[in-house]
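Now for the letters of each chain:
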Amino acid sequence: MKNWWKETVFYELYMPSFNDSNGDGKGDFKGIIEKLDYLKNLGITGIWLTPFYQSPKIDNGYDISDYYSVDSDYGTMEDFEEFLDQAHKRGIKVIADLVLNHTSDQHKWFQEAKKSKDNSYRNYYIWKKNPNNWESFFSGSAWEWDEGTNEYYYHKFAVGQVDLNWSNPKVREEANKILEFWMDKGIDGFRLDVINFMTCEGITEDNPMDEKGEQDHKFDINQPGILDAIGGINKCVKSYGDKFLVGEIGSENLDVLKRYRDDGLLDVVFNFNLGSKKNFDAKEFYDEIEKMEKDLNGYPTIFFGSHDMPRHMSRFGESKRDIERAKAVATFILTTKGVPFLYYGDEIGMTNLVANTLNEINDIQGRTNYKIERQKGGSHREALKIANEKTRDKSRSPMQWNSKENSGFTTGIPWIKINENYKILNVEDERNRIDSLFNHYKKMIRLRKIEETLSYGEYKNLKYIDGLISFERVYEGERVYIYINFTQTSNIVLPDGVYEVLAGEAKNILIKNEILILKKGRK
Ligand code: GLC
């Protein structure tokens, strides 16, 4: 079946770091509007906006205090509407990141809920006199004592991110109202944050510990009632027509992932099988797409980066900036079967940010790990090292637009350090160089758009031989052959008959990181 999202190349736009229009050092909607032509020129047809709702931002917006308003750092509701309109005029769809697992502790529901045990909002959250052993994903217990009412409340992430009680029908009604509000504004779909984490069955047994002595999150996530809850979200969203639902499922286990991929649940699952690869290993990439093809029903998502993981340019390169390999990776993302999600800055090969002082670390995960290391008796230096390893700020530095002051991102003081390499690594230079990574992305995206087979085609002859990944995509009588060679030199056997060269050079030997794309039947 045809759906717009199967043909879309998505671009994750990290709100605070894309483009600042008013000099306050943080990205905003007006800033994004200025760059929509840039995205259109690159070929992007879908934007995933990270949370832009009112928030105290202890976790950069993943702690919403009002679902119905735009955070003033990012502009006004009118700015949002103007942005959406301008994006749509350019043929770009927009999906909003929505956090329904938890709210900020500043949200009025929670402010009410903690007033007393019989407050009408009390049951929007989860309270216990005696907490169990469940741990927060940001470290420590998932339970926080509330002085006022003498009970603990439950938070799977930070203390300021309070879990909603999804067994309460009122919470589900509120969620539907929120979804409808943004769809009425014209949003094209949602990225549902940590959606398999929602507490739908309440608090059950203690989690067991694994061999490493770490908690196995057996009972606190993927609770049985979750499918019913997501089904409710799906029903509401699909009542608006062809809207798109992608859910973040915190798992690499395909048996878990496939439970959520269903037309009545999530269109696609944001699965970390490729995203969490720490090092470059073509065989591992191949194994993942083969497994996804075999075991996951429907379309997988294809991505190597997001705001939660280090930049793949830094993870994968043999040298600091291995452009040839990055081009081969880009080809992989845009030709394999699935919905591709690019992360802002990856199109120019942005690299990880390194903090020199604690002040340069904003991310709650980085700062929490610093604190823990200090409490364990570690020196400032050791703790900073650990914070640098754990922080997700690595991939959150401002977009590098040009070599001018502050990389053209802001005229003010940037909210987070700008990667020092912006003088030699920026959009302006990349666009001007014919053989740049940017121009390679652009070419591959265009190819994907022209050749429907790359969006809809089934795999044939999916193969891996010594670092060479090759496959065919077949759709309605058309056949495209793809060869991505990650190894030294590889021999390939060109297909019989007539074909057209879509990318690369048709020859029997490919050198390292060389690609070749052919199409059967035309010259
Ligand atoms: C998701 C987000 C991450 C956030 C967490 C808690 O994993 O991608 O950035 O910290 O949810 O909301």
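Up top you'll find the structure we're talking about.
Throughout this description, residue numbers start from 1 for each chain and increase along the sequence as written. This being a predicted model, a pLDDT of at least 70 is required before a residue's local features are given, and a value of 80 or more before pairs of side-chain atoms are given or counted; all residues contribute to the totals for chains, interfaces and linings. Here the side-chain values reflect all heavy atoms present in the structure, with hydrogen atoms and water set aside.

Enquirer: Can you help me understand the sheet that holds strand β20 (residues 499–503) in this one?
Expert: Hydrogen bonds between backbone atoms are what pair the strands of a sheet, whose relative direction is either parallel or antiparallel. The strand order across the open sheet built from 5 strands is β16-β17-β18-β22-β20, with neighbouring strands paired in antiparallel fashion. Here the strands that pair on one side only, and so sit at the sheet edges, are β16 (458–465) and β20. In this sheet, neighbouring strand axes are inclined to one another by 15 degrees on average, regardless of whether the strands run parallel or antiparallel. Two strands pair under a simple rule: DSSP has to find at least two bridges between them. Labels follow the DSSP assignment, with helices taken as runs of H or I lasting at least four residues and strands as runs of E lasting at least two, numbered in each case from the N terminus. Alignment of β20 against strand β22 (residues 515–520), held across 4 bridges, turns out to be antiparallel. Its bridge partner being in β22, Tyr499 is matched across the sheet by Lys520. What makes two residues a contact is simply this: any of their non-hydrogen atoms within 4.5 Å. To get an axis, fit a line to the C-alpha atoms, keeping to the stretch in contact for a helix; angles then go from 0 to 180 degrees between the N-to-C directions. Together, β16 and β17 (468–475) form the strand contacts of helix α8 (residues 282–295), whose direction differs from that of β16 by roughly 150 degrees.

Enquirer: Before we go on, may I ask you to explain the site of the ligand in this structure?
Expert: For this description, a residue counts as near a given molecule or strand if any of its non-hydrogen atoms is within 4 Å of it. In the vicinity of the ligand lie 14 residues, with Asp59, Asp193, His307, Asp308 and Arg392 positioned nearest. Within the side chain of Glu248, an N or O atom sits 2.9 Å from an oxygen atom of the ligand. Whenever a nitrogen or oxygen atom comes within 3.5 Å of another N or O atom, the pair is scored as a polar contact, on the condition that within protein one atom can donate a hydrogen and the other can accept it, and that pairs from neighbouring residues in sequence are kept only if both atoms are in side chains. In the model, an oxygen atom of the ligand is placed 2.9 Å from a nitrogen or oxygen of the His307 side chain. Each accessible area value is a Shrake-Rupley result obtained with a 1.4 Å probe; residue values ignore everything except the protein chains displayed when judging cover. Burial of the ligand by the protein amounts to 96% of the accessible area it has alone, namely 310 Å². In this analysis the probe radius is 1.4 Å and the grid spacing 1 Å, with only protein atoms considered; a cavity is a set of points the probe fits into but cannot get out of, a pocket is an open set with protein on both sides within 12 Å along at least five of seven lines, and lining residues have an atom within 4 Å of a point. Any molecule with more than half of its atoms within 2 Å of a cavity's or pocket's grid points is counted as sitting in it. Among the detected pockets, the ligand sits in the largest pocket. Its residues placed into classes, the shell around the ligand shows 4 nonpolar, 3 polar and 7 charged. Each residue is assigned to one of three groups, with Ala, Val, Leu, Ile, Met, Phe, Trp, Tyr, Cys and Pro labelled nonpolar, Asp, Glu, Lys and Arg labelled charged, and all others, Gly among them, labelled polar.

Enquirer: What's the story with the pattern of salt bridges in this structure? I'm lost.
Expert: Opposite charge on two side chains makes pairing possible when the charged atoms of those side chains draw close. Any Lys or Arg side-chain nitrogen located within 4 Å of an Asp or Glu carboxyl oxygen qualifies as a salt bridge. Scanning the model with the defined rule gives 42 salt bridges in all. Among the salt bridges present, the one from Arg90 reaches Asp37, with a minimum N-O distance of 2.7 Å. Taken together, the residues Arg90 in the loop between α3 (77–89) and β5 (93–98) and Asp37 in helix α2 (residues 36–42) connect sequence positions 53 residues apart. Relative accessible area serves as the criterion here: at 45%, Asp37 is assigned to the partly exposed category. Glu248 is paired through a salt bridge with Arg191; the nearest N and O atoms lie 3.3 Å apart. Placement of the pair is Glu248 in strand β12 (residues 244–248) and Arg191 in strand β11 (residues 189–192), with a sequence separation of 57 residues. One salt-bridge network, in which partners are shared between bridges, spans Asp59, Asp308, Asp363, Arg392 and Arg396. We call a residue buried when its accessible area falls under 20% of the maximum for its residue type, exposed when it is over 50%, and partly exposed in between, using a 1.4 Å probe and counting protein chains only.

Enquirer: Even after reading the chapter, I still don't get the nonpolar core, so can you show me in this structure?
Expert: The nonpolar side chains of a soluble globular protein tend to be buried, and buried together. By convention a nonpolar core is built from buried Ala, Val, Leu, Ile, Met, Phe, Trp, Tyr and Cys residues, the set being connected through side-chain atoms within 4.5 Å. Core analysis: the biggest nonpolar cluster contains 121 residues, and Tyr11, Leu49, Phe52, Phe80, Phe83 and Phe190 have the highest contact counts within it. Residues within four places of Phe83 in sequence aside, it is in contact with Phe29, Ile32, Ile33, Leu36, Ile47, Leu49 and Val94. Residues Phe270, Phe303, Tyr456 and Tyr475 belong to the second largest nonpolar core, which totals 17 residues.

Enquirer: What am I meant to see in the pairing of β11 here?
Expert: Every other side chain in a regular strand lies on the same face of the sheet, so the side chains alternate between the two faces. With burial as the criterion, each face of β11 is covered, one bearing Gly189 and Arg191 and the other bearing Phe190 and Leu192. In the sheet, β5 pairs with β11 via 4 bridges, with the strands oriented parallel. Within β11, the residue paired with Ala96 across the bridge is Phe190. Examined bridge by bridge, β11 and β12 share 4 bridges and lie parallel to one another. When the bridges of β12 are listed, Phe190 appears paired with Leu245. With the strands pointing away from the viewer, any crossover whose connection runs clockwise from the first strand over the helix to the second is right-handed. Handedness of the β-α-β unit built from β11, helix α6 (residues 226–238) and β12 comes out right-handed.

Scope: geometric values only; no functional claims are made or implied.
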